[in-house]
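Okay, here's what each chain looks like letter by letter:
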Amino acid sequence: MDFAFTPEQSELQQRVRRLAEEKIAPIAEEADESPTVHAGLMAILANNGLFQYCVPKEYGGVGVRVMDLCIIREELARVSVQADTNFIMQGLGSYPITLGGTDEQKTKYLPPIARGESIAAFALTEPHAGSDVLSMKTEAHLDGDDWVLNGEKKFISQAGDASTYTVFAKTDPGEGSRSLSVFIVEAGTAGFDDSKRMDLMAAHPIGEPRWNDCHVPQENLIGERGRGLRLALGTLDTFRTTVAAAAIGMGQAAFEASLEYAKNREMFGQNLSDFQATQFKLADMAVSLDAARLLAHRAAWLKDSGQESIIKEASFAKLFGTEAASRIINEAVQIHGGAGLEKGNRVERLYREVRALTIYEGTSEIQRQTIARQLLRD
Ligand SMILES: Cc1cc2nc3c(=O)[nH]c(=O)nc-3n(C[C@H](O)[C@H](O)[C@H](O)COP(=O)(O)OP(=O)(O)OC[C@H]3O[C@@H](n4cnc5c(N)ncnc54)[C@H](O)[C@@H]3O)c2cc1C
């Protein structure tokens, strides 16, 4: 195993860090409180070619490599969670097409996503089907040359702003793991309503799209009928590790803010950082960040080296990274005392923003279940 960054990866890290600090940081507070996709951020990400990392080379991208995605997510999330969301959704939303789409589908939909002209969304979760994906109720049936979709989704990032949705629906009830299929649905299609937004504890562009006798042509089916679950799991196998990277970026921001605050906050005739209790907190934060980074980079390295499935390693990384970031940010608020609760304080925003990460793309409980199943099977 070799976790050393290649010269290209080091260059990417430095380039994204500079971009985040110089161009994104000045608008981060406003952008992160925006409940819709932030046009200014999208333009910065697009103009600097970052969406190309979400799309294969042959279709206008530079290729999808998990380590690159981890590097970009960590640097973006360190400064702006909205930038991280806007970036990664282009990959998550389009990856079922990358994995299972026809050449025509890839040629039509992927290049505009790589340029940031088209916004992507991944529509799997429903009001009564989150962890238990197969209990979804959205269904699709054939009517002549069209597939007709009916149903509703919930917690769909970028819904309302997206132009290209990959939508999972039941086509073969009773067929278990082969009951789902996935379709491309364009915003504006008759019978498709993506106007309903959701309001979360930390602003996030997210909504509840629904389909009411929505006709899409047969050629919008991605891959084979009944292979939707396989495409969903294949997509998550690539992107789950990157959630850990986003968490690490947020944890890193909280750690840096805590270090700075502790060194400057005077009390009892010395600085907060002079107390051993504070020093131990900072030490624990730094160790957790490093351990989380190593787990994420191992999973990324294995995937990019061609290991077919990294299900266990990705779950290790996602579980540990998101829970470590949650602990670090909680501790960062503690170090800041009352100041950490003030609106506008960086750690206050992080405290609200990090909460989603142990929930989306498989909750911590689901990660533990996945790991335990692998251990028992092995
Ligand atoms: C900010 C945000 C963005 C999101 N973006 C998207 C998106 O773009 N696309 C999309 O499709 N979805 C998205 N989601 C949805 C997300 O993937 C789901 O919230 C997640 O899968 C959990 O589903 P649920 O909320 O229905 O919770 P549930 O599945 O109802 O879980 C409730 C609780 O039960 C626990 N639980 C579940 N199974 C077990 C078990 N076997 N044993 C013990 N406990 C269990 C869970 O861990 C959780 O604690 C997003 C969610 C959030 C918060």
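Source: prediction; values computed, not measured.

Parameters at a glance
Residues numbered from 1 in each chain as written. Predicted model: local features only at pLDDT ≥ 70, side-chain atom pairs only at ≥ 80, totals over all residues. Helix = DSSP H or I, 4+ residues; strand = E, 2+ residues; numbered from the N terminus. Rg over C-alpha atoms; globule rule 2.2 N^0.38 Å. Buried ≥ 20, exposed ≤ 12 C-beta atoms within 10 Å, placed from the backbone. Contact = placed C-beta atoms within 7 Å. Near = placed C-beta within 6 Å. Nonpolar A, V, L, I, M, F, W, Y, C, P; charged D, E, K, R; others polar. Domains from an automatic or database assignment. Axes fitted to C-alpha atoms, helices over the stretch in contact; angles between N-to-C directions. Parallel < 35°, antiparallel > 145°, perpendicular 65-115°, else oblique. Left-handed = near helix turned anticlockwise from the far one by under 90°. Core = buried A, V, L, I, M, F, W, Y, C linked by C-beta atoms within 7 Å. Expected span 1.5 Å × (residues − 1). Arc of directions from axis to C-beta.

1. Quick word on the overall build of the protein
Argument step 1. Counting its secondary structure elements, the protein contains 10 helices and 12 strands.
Argument step 2. By the compact-globule yardstick of 21 Å for 378 residues, the protein fits well, its C-alpha radius of gyration being 21 Å.
Argument step 3. Expressed as a percentage of its 378 residues, the buried residues of the protein come to 52%.
Argument step 4. For the protein, restricting intrachain contacts to residue pairs at least 6 apart in sequence, the fraction spanning at least 24 positions comes to 74%.

2. Focus: the environment of T370
Argument step 1. Along the chain, the position of T370 falls in helix α10 (residues 364-377).
Argument step 2. Using a count of 19 C-beta atoms within 10 Å as the deciding quantity, one classes T370 as partly exposed.
Argument step 3. Distance in space between the C-alpha atoms of T370 and L92 is 20 Å, their sequence separation being 278 residues.
Argument step 4. Ignoring anything within four residues of it in the chain, the contact list for T370 reads I311 and S315.

3. Points about the site of the ligand
Argument step 1. Taken together, 19 residues lie around the ligand, and L124, G130, S131, T363 and E365 are the ones closest in.
Argument step 2. At the level of secondary structure, the elements contributing two or more residues to the shell around the ligand comprise β1 (120-123), β4 (156-157) and α10.
Argument step 3. It is α10 that provides the largest number of residues to the shell around the ligand, a total of 3 residues.
Argument step 4. Class assignment of the residues belonging to the shell around the ligand gives a composition of 10 nonpolar, 7 polar and 2 charged.
Argument step 5. Of the domains in this structure, domain 2 (122-226) and domain 3 (229-377) are the two that each give at least three residues to the shell around the ligand.

4. Structural notes on the packing of helix α1 (residues 7-32) against helix α3 (residues 66-79)
Argument step 1. Between α1 and α3, the least distance of the axes is 8 Å, while the angle of their chain directions is 25°. The angle between the axes of α1 and α3 places the two elements in the roughly parallel class. In the crossing of α1 with α3, the sense of the turn from one axis to the other is right-handed. Contacts from Q9, L12, Q13, V16, R17, A20, E21, I24, A25 and A28 of α1 reach α3 at M67, D68, I71, I72, E75, L76, R78 and V79.

5. Section: unusual backbone geometry
Argument step 1. Within the chain, F155 stands out as a residue other than glycine whose phi angle is a positive 60°.
Argument step 2. A positive phi is found at E361, a non-glycine position, where the angle reads about 55°.
Argument step 3. Mapped onto the fold, E361 is located in the loop between α9 (346-353) and α10.
Argument step 4. Classification of E361 as buried rests on a count of 22 C-beta atoms within 10 Å.

6. Brief notes about the environment of K312
Argument step 1. Counting through the fold element by element, K312 comes out in helix α8 (residues 311-336).
Argument step 2. On the neighbour-count criterion, K312 (18 C-beta atoms within 10 Å) is partly exposed.
Argument step 3. Taking C-alpha positions, K312 is 9.5 Å from D237, a pair spaced 75 residues apart along the chain.
Argument step 4. Excluding residues within four positions of it along the chain, K312 makes contact with I371 and Q374.

7. A few points about the domain arrangement of the protein
Argument step 1. Domain boundaries assigned for the protein yield domain 1 (7-118), domain 2 (122-226) and domain 3 (229-377).
Argument step 2. For domain 1 and domain 2, the distance between their C-alpha centres works out to 23 Å.
Argument step 3. In this assembly, 20 residues from domain 1 lie in contact with 19 residues from domain 2.
Argument step 4. Those elements giving two or more residues to the side of domain 1 that touches domain 2 turn out to be α4 (81-100) and α5 (103-114).
Argument step 5. Here the element with the most residues in the side of domain 1 that touches domain 2 is α4; it accounts for 8 residues.
Argument step 6. Split by residue class, the side of domain 1 that touches domain 2 holds 8 nonpolar, 9 polar and 3 charged.

8. What about the environment of D103?
Argument step 1. Position of D103 among the secondary structure elements: in helix α5.
Argument step 2. D103 sits 78 residues away from A25 along the chain, and the two C-alpha atoms are 38 Å apart.

9. A short note on the nonpolar core
Argument step 1. Judged by nonpolar contacts, the single largest core of 115 residues is most densely connected at L149, F183, M250, A254, A296 and I329.
Argument step 2. For this core, the element with the most residues is helix α6 (residues 228-264), which contributes 18 residues.
Argument step 3. Contact partners of A254, with chain neighbours within four places excluded, come to I328, I329, A332, V347 and L350.

10. A closer look at helix α7 (residues 276-304)
Argument step 1. Helix length check: α7 (29 residues) gives 42 Å between terminal C-alpha atoms against 42 Å at 1.5 Å per residue, within 8%.
Argument step 2. Just beyond α7, the residue with positive phi is G306, at close to 105°.

11. Digging into helix α2 (residues 39-47)
Argument step 1. Residues L41, M42, I44 and L45 constitute the buried set of α2. For α2, the angular spread of the buried residues around the axis is 160°, confining them to a single face. Facing away from the buried side of α2, by more than 90 degrees, are the exposed residues A39, A43 and N47.
Argument step 2. Residues of α2 that are buried make contact with α1 and α4.
Argument step 3. Of the residues trailing α2, G49 is marked for its positive phi of about 70°.

12. Observations regarding the packing of α8 against α9
Argument step 1. In the contact formed by α8 and α9, the axes pass within 9 Å of each other and the chain directions differ by 150°. What the angle tells us is that α8 and α9 run roughly antiparallel. As α8 packs across α9, the resulting crossing turns out to be left-handed. Contact with α8, carried on its side by I329, A332, V333 and H336, involves V347, L350 and Y351 of α9 and no other residues of that element.
Argument step 2. Tallied by class, the residues present in the contact of α8 with α9 amount to 6 nonpolar, 1 polar and no charged.

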